[in-house]
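Here's the letter readout for the chains.
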Amino acid sequence: MAIVHMKDIVKRYSSHIVLDNIDLDIAYGEILGLLGPNGAGKTTLIHALAGIHGFDSGAIEVFGKEQKANLLEIKRQIGLVTQEITLFTDLTAKENLAFFGGVYGLKGEKLKKRIDETLEFVGLSEHARKLPAKFSGGMKRRLNIACALVHRPKFLIMDEPTVGIDPQSRNHILETIRQLNQQGTTILYTTHYIEEIQNLASRVVIMDQGHIIANGTIDELVKKIQYEEKIKLEVAAPTDDLLERLRKLDGVKQVLKNEKEIHIISQVESGNLDRVLSIAREFGGIHSISAEKPTLEDVFLTLTGKRLRDGGEEE
Ligand SMILES: Nc1ncnc2c1ncn2[C@@H]1O[C@H](COP(=O)(O)OP(=O)(O)O)[C@@H](O)[C@H]1O
Ligand SMILES: [Mg+2]
């Protein structure tokens with residue numbers, strides 16, 4: 001049975017369609033990675049799902065219940081880690097948790113116990129009595145996550161919880177997610193970091209411009225584009241002229257430059273390896289050329305024509 005069932009969800013901001021007939025099911029016990037570039041509609045989808053704001057049409061069921069009619073009851077069993085850090089800067093870590101626990105009706109000894117356990121879980125026990133203003137970015141993120149966990153939700157929604165933090169905190173957060181999932185929590189995780197999803201998610205949904213453009217396990221998604229060729233070419237001088245010539249080859253879908261490396265994605269059996277090689281020879285200075293297997297990054301690229309990192313860091 002599905003923990004979430006979204007059907008034909010439409011959300012507009014004036015004339016701009018931000019969610020365009022979204023259908024999405026989430027199964028009990030899974031870690032679903034929701035992947036997409038900035039502006040794809042990930043946060044809007046999550047906020048519609050968690051009942052932060054409404055939607056224009058369609059239907060959502062959570063825990064098998066119609067969402068709008070059962071919103072309070074549903075919210076009590078959801079944890080939402082927002083993309084923007086939402087902490088009280090003039091309250092200590094512990095007081096922040098006490099506030100959020102209180103919102104969920106926890107009090108007395110039970111609240112105290114939950115606060116201690118949750119701080120321990122996110123590795124902040126030693127900082128319980130400190131103000132978050134003194135915390136590093138990663139510690140703030142972990143406290144933000146703790147606030148969404150203090151009531152032990154069955155379903156945890158995390159909106160880009162690892163943006164702009166140090167690798168150590170990132171690993172800690174990813175480990176926390178794994179442990180929560182092993183304890184039975186269903187998790188919806190949004191990110192534009194493909195590596196995280198590759199190691200964490202049991203299933204991936206890719207969103208772009210308000211649409212779901214792919215949905216499956218990583219293996220399934222990669223298989224879909226196995227009928228593509230990817231050629232990696234390294235040259236001394238990847239000039240615009242060279243890139244232009246490559247783009248004009250029959251069957252070429254994408255040509256991307258990364259310093260001295262050029263990636264060429266073409267339709268399968270286009271025979272472009274030979275042609276790429278002969279064009280590169282004309283320009284000279286070839287360091288290497290190879291044909292490669294597609295990755296999740298290539299799936300994304302092929303489906304959207306964009307690299308995931310584009311504009312991803314400035315939020
Ligand atoms: N309150 C709002 N008013 C108008 N447009 C909005 C609002 N919130 C989001 N949008 C627009 O909706 C689109 C999707 O945004 P968002 O859901 O935040 O994407 P993501 O989380 O994938 O980066 C963007 O084009 C954004 O500008
Ligand atoms: Mg967002």
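Cut-offs and rules
- Residues numbered from 1 in each chain as written.
- Chains lettered and ligands numbered in written order.
- Predicted model: local features only at pLDDT ≥ 70, side-chain atom pairs only at ≥ 80, totals over all residues.
- Heavy atoms only, no water.
- Helix = DSSP H or I, 4+ residues; strand = E, 2+ residues; numbered from the N terminus.
- Contact = heavy atoms within 4.5 Å.
- Pairing = 2+ DSSP bridges.
- Near = heavy atom within 4 Å.
- Polar contact = N/O pair within 3.5 Å; in protein donor to acceptor, adjacent residues only side chain to side chain.
- Areas by Shrake-Rupley, 256 points an atom, 1.4 Å probe, with all protein chains shown as cover.
- Nonpolar A, V, L, I, M, F, W, Y, C, P; charged D, E, K, R; others polar.
- Axes fitted to C-alpha atoms, helices over the stretch in contact; angles between N-to-C directions.
- Parallel < 35°, antiparallel > 145°, perpendicular 65-115°, else oblique.
- Left-handed = near helix turned anticlockwise from the far one by under 90°.

Digging into the side chain of Q254
By the secondary structure assignment, Q254 is in strand 12 (residues 252-258). In contact with Q254, not counting residues within four places along its chain, are H263, I264, I265, L301, T302 and G305.

Some details on the sheet that holds strand 4 (residues 57-62)
With antiparallel pairing, the 4 strands of this open sheet are ordered in space as 2-1-4-5. Pairing within the sheet leaves two strands with one partner each, and these edge strands are strand 2 (16-27) and strand 5 (65-66). By the bridge criterion, 5 bridges tie strand 1 (residues 2-13) to strand 4 in an arrangement that is antiparallel. Within the sheet, the bridge partner assigned to V4 lies in strand 4 and is V62.

Comments concerning the site of ligand 1
Close contacts around ligand 1 come from Y13, H16, V18, P37, N38, G39, A40, G41, K42, T43 and T44, and that covers them all. For ligand 1, an oxygen atom lies 3.2 Å from a polar atom in the backbone of A40. Contact between ligand 1 and K42: an oxygen atom at 2.9 Å from a main-chain N or O atom of the residue. Within the complex, 61% of the 560 Å² of free accessible area of ligand 1 lies under protein. Elements represented by at least two residues in the shell around ligand 1 include exactly strand 2 and helix 1 (42-49). Ranked by residues supplied to the shell around ligand 1, first place goes to helix 1 with 3 residues. Along the lines of polarity and charge, the residues of the shell around ligand 1 split into 4 nonpolar, 6 polar and 1 charged.

Re the packing of helix 5 (residues 137-149) against helix 6 (residues 167-182)
Close contact between helix 5 and helix 6 brings their axes to 9 Å; oriented N to C, the two are set at 20°. Classified by the interaxial angle, the pair formed by helix 5 and helix 6 is roughly parallel. As helix 5 packs across helix 6, the resulting crossing turns out to be right-handed. Residues G138, M139, R141, R142, I145 and L149 of helix 5 form the contact with helix 6, whose own contacting residues are S169, H172, I173 and L180. When grouped by side-chain class, the residues that make up the contact of helix 5 with helix 6 number 5 nonpolar, 3 polar and 2 charged.

Everything listed here is a matter of geometry and, on its own, says nothing about what the molecule does.
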